[in-house]
Amino acid sequence: MRWMLFFCFSTTYLFSQNYPQDYFQAPLDIPLQLSGNFGELRPNHFHAGFDFKTQQREGLNVYAAAEGYVSRIKIATNGYGKAIYITHPNGYTTVYGHLQKAVGALEAKIQELQYAEKSFAVEAYFKPGELPVKKGELIAISGNTGGSDGPHLHFEFRDSKTEKIINPLYFGIPIKDTKAPTIANLMVYPVGANSVANESKRPTLLSLSLQADGSYLAQKVKATGTIGFAINAYDRDDVSFNNNGTFFTQLSHNGTPTFEVLFDQMPFDEARYVNAFIDYERYKKSHQRFQKLFYNYPYAWSNLRNVREGGLINVSPNFVSIERIEVSDFNGNKVRVDIPVEYSNVPAKIEEGGIKTPYFIKCKTDALFEKENATVYFPAQTFYDDFYLQFEVKNGEVQVHQDIVPAHNSFTVTIRDESVPVALRSKTYIASVNGAKLGFNTTNVEGATFSIRTRTLGKFKLAQDVLPPKIVWYKQPKNKDWTASKSLNLTISDDQTGVAKVNGYINNQWVLFEYEPKLKRITHVFDDRFLNDGANNLKIEVVDHVGNSTIFESTFNRTKKK
C-alpha cells in the first residue's frame, strides 16, 4: 500500500529496486524518533542516514538489525566515533555510529586491536565467519562519540557492493508521518548581468499566500533575462518534533519537470555537493539554507533528476507562465507553490552586489595568483561558479576571499618567509584567521616555504606553536586512592595546534586511554592485568600537531579486588 502513494511521481526511478520490508528490525528497543534524516542538509555534507534519538542520554542497548557478520570496525575521535558495520547476506550493510562501546566478543576484538597497535584509533576489516551476529543480538551501547553534538545513534543502510547509502525509509523503518513538508521561504534569483526580477538584480524574497486547497500562490515575478528559484524547506513527521530534510522536490514549467531532487540513495563522495545545492553565501551570513533549484554550470550530483536548461527560465518579451514547485515526503504528503511569471522591461532599482577585482576565476580552468610573498593555486573544478576573487596581502596576513564561496576541491596557499628562524620552522604553520582565533592547518614545510591544501577560503597567516600540551588530573580522589573508581581520568589540552597523539603507561606498560576531544578528557578503565596491589606508576605523553610534547608522571593507589 505504501508504494501506491508514489505513482504521482516518476516510476522510472522511485521503483528501480524493491527493498526488503520485513527483513530488518529497528536497532533500538524504544519508540523511534529522528533527530536527523537521510539527505538532511548539514555543514559541508548531506546527512548519510538516520539519527535516532536516545532519550537525551547514553547507555541504550543497540541491536543488530539482521543476521550477518561484522565486516568493519572503526574507532576514531571524529566522524562516527566508535562505529560497527554489519554485512548481511541479502546484499546490504548496516552501520551503527557514535557508540559508547561494543559488547561481548566485539568489544574484546576492539581492545585486542587497540593493544596490538598501541592506539585508541583503529580500523579493521573482517571476513564472513570471523565475527558473526544474529538478528536482534546486542552488539553495542549507544553513546556520543566522534563528531556528535549530543547522545544519539547514527544508523545507515548501504549497498554492500557499491557502498552507496540508501534511505532507510525504503526498508520499512516505522516512522509515522502524516504531515506535509513546509516551504518556509521562496526566493527568485536574477542570473546574469542583464537579468532583472521585480526591479532587482539581486535575489529577492517572494511572499506566499495560502490557498483554499492548501497550496500556496507566490507573489508575481516580473522579470527579464534569466531567472531561477530557491526554497527554504523542511519536513516533520508525527513523532520526532523537529525539522528534518525533505525527500523529493520538483520544479516544473508548464507541467514539464525542469529540476528534480530525490533523496533515495547517494555515494559518499558526492556529499559535499550540498554546498552547490544551497545558496552558500546566504547560509554563511544568515544560517538559512536555501535550496537552489537551478545551476549555472552542471555538477555531478546523482540525486538531481530531469534537469532541463539547468532549471533556469529565460524570460523574454510576451513570456507568461506559471512555474510550480512541489515538495513531497516519503509517504506522499506534499506541498505546492505556484509562481506566476511574466515579462517586464522595468529597469532595476537595486543593482547587482559584489566587487570586481583583477583576480577573476573561471571555475572550469586552473588559476594561479601571486602577490608579494604569497601564492594561491586553484585547480580547475575547485569551484562551482565563476567569481571575482579578493586577494590581498597586508600586515603579514593573506586574504584569499571570504568563506562565502564554496570550494569543492582543495586549493593551495603558499607563503614564503625567510625571516622565520631555522629552529622555528618545524613549529611554524599556516593558520586560518577568524578574528582573534587561529585554526591549525597541516602545513608542508620546505626551507622557508610553507604551504597548505584547504577547501575553505578566508584569511591566513604564519604562526608558531612552541607551547607544549597541558595534562592535569580530572577529579582526583583524596590520597590518590582509586580503589573505589572504575576508571582513571585526566584532562588534556593544547591551545594552538591541538592534540595529535596520546600514549599512556601504567607500571611501564602501554595501556589504553580513550580520548574524547569534546570533553578534552582521556579515560583508562582499570584492568587488574596492569596493576600492582597498592602503589602504581602512571605516565602520560601528549604530542601536538607540530611535535611539542608533555610528559605527565604521577603515582596512584589501588587495591585489587579479592
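Residues numbered from 1 in each chain as written. Predicted model: local features only at pLDDT ≥ 70, side-chain atom pairs only at ≥ 80, totals over all residues. Heavy atoms only, no water.

Student: Before we go on, may I ask you to explain the sheet that holds strand β32 (residues 391-394) in this structure?
Tutor: Adjacent strands of a sheet pair through backbone hydrogen bonds, lying either parallel or antiparallel. Taken together, 5 strands build an open sheet; the order of strands is β32-β33-β39-β35-β36 and the sheet is antiparallel. At either end of the open sheet lies a strand with only one pairing partner, and these are β32 and β36 (437-440). On average, adjacent strands in this sheet sit at an angle of 30° to one another, irrespective of strand direction. As paired strands, strand β35 (residues 428-434) and β36 are joined by 4 bridges and run antiparallel to one another. Residue pairing across strands places A431 opposite F440, the latter belonging to β36. (Pairing = 2+ DSSP bridges. Helix = DSSP H or I, 4+ residues; strand = E, 2+ residues; numbered from the N terminus. Axes fitted to C-alpha atoms, helices over the stretch in contact; angles between N-to-C directions.)

Student: I tried to follow the sheet that holds strand β9 (residues 99-102) on my own but got confused; where do I start?
Tutor: Ordered by their spatial adjacency, 3 strands build an open sheet running β5-β12-β9, and the pairing between neighbours is antiparallel. Each edge of the sheet is formed by a strand with only one pairing partner; in this case those strands are β5 (61-63) and β9. Strand after strand, the sheet turns through a mean of 35° between neighbouring axes, direction not considered. Sheet topology places β9 next to strand β12 (residues 138-142); 3 bridges connect them, and they run antiparallel. Counted as the bridge partner of K101 is I141 from β12.

Student: Please explain the packing of aromatic side chains as it appears in this structure.
Tutor: Aromatic ring pairs are reported here in terms of the distance separating the ring centres and the angle at which the planes meet. Using the criterion set out here, one finds 40 aromatic pairs in the structure. Ring centres 5.5 Å apart and planes at 55° place the aromatic pair Y96 and F155 in the tilted group. In this pair, Y96 is assigned in strand β8 (residues 92-97) and F155 in strand β13 (residues 152-159), connecting sequence segments 59 residues apart. Since its relative accessible area comes to 0%, Y96 is described here as buried. By relative accessible area, which is 0% here, F155 ends up buried. Of note, R529 hangs over the ring of Y115, and the distance from its end group to the ring centre comes to 5.8 Å. (Phe/Tyr/Trp six-rings, centres within 6.5 Å; stacked < 30°, edge-to-face > 60°. Buried < 20%, exposed > 50% of the residue type's maximum accessible area, 1.4 Å probe, protein only. Lys NZ or Arg CZ within 6 Å of the ring centre and 35° of its normal.)

Student: What is the right way to look at the pattern of salt bridges in this model?
Tutor: Close approach of charged atoms allows side chains with opposite charge to pair. Summed over the entire model, instances satisfying the criterion amount to 24 salt bridges. Residue K220 is joined to E342 by a salt bridge in which the shortest nitrogen-to-oxygen separation is 3.3 Å. Here K220, found in the loop between β18 (216-218) and β19 (221-234), pairs with E342, found in strand β27 (residues 334-343); they are 122 residues apart in sequence, far enough to count as distant. By relative accessible area, K220 is classed as partly exposed at 38%. Between D403 and K284 there is a salt bridge; the shortest N-O distance is 3.1 Å. Pair noted here: D403 is in the loop between β33 (397-400) and β34 (411-416) and K284 is in helix α4 (residues 280-286), with a separation of 119 residues, a long-range link. For D403, a relative accessible area of 22% gives the class partly exposed. The structure contains a network of salt bridges with shared partners spanning D213, R324, R336 and D338. (Salt bridge = Lys/Arg side-chain N within 4 Å of Asp/Glu carboxyl O.)

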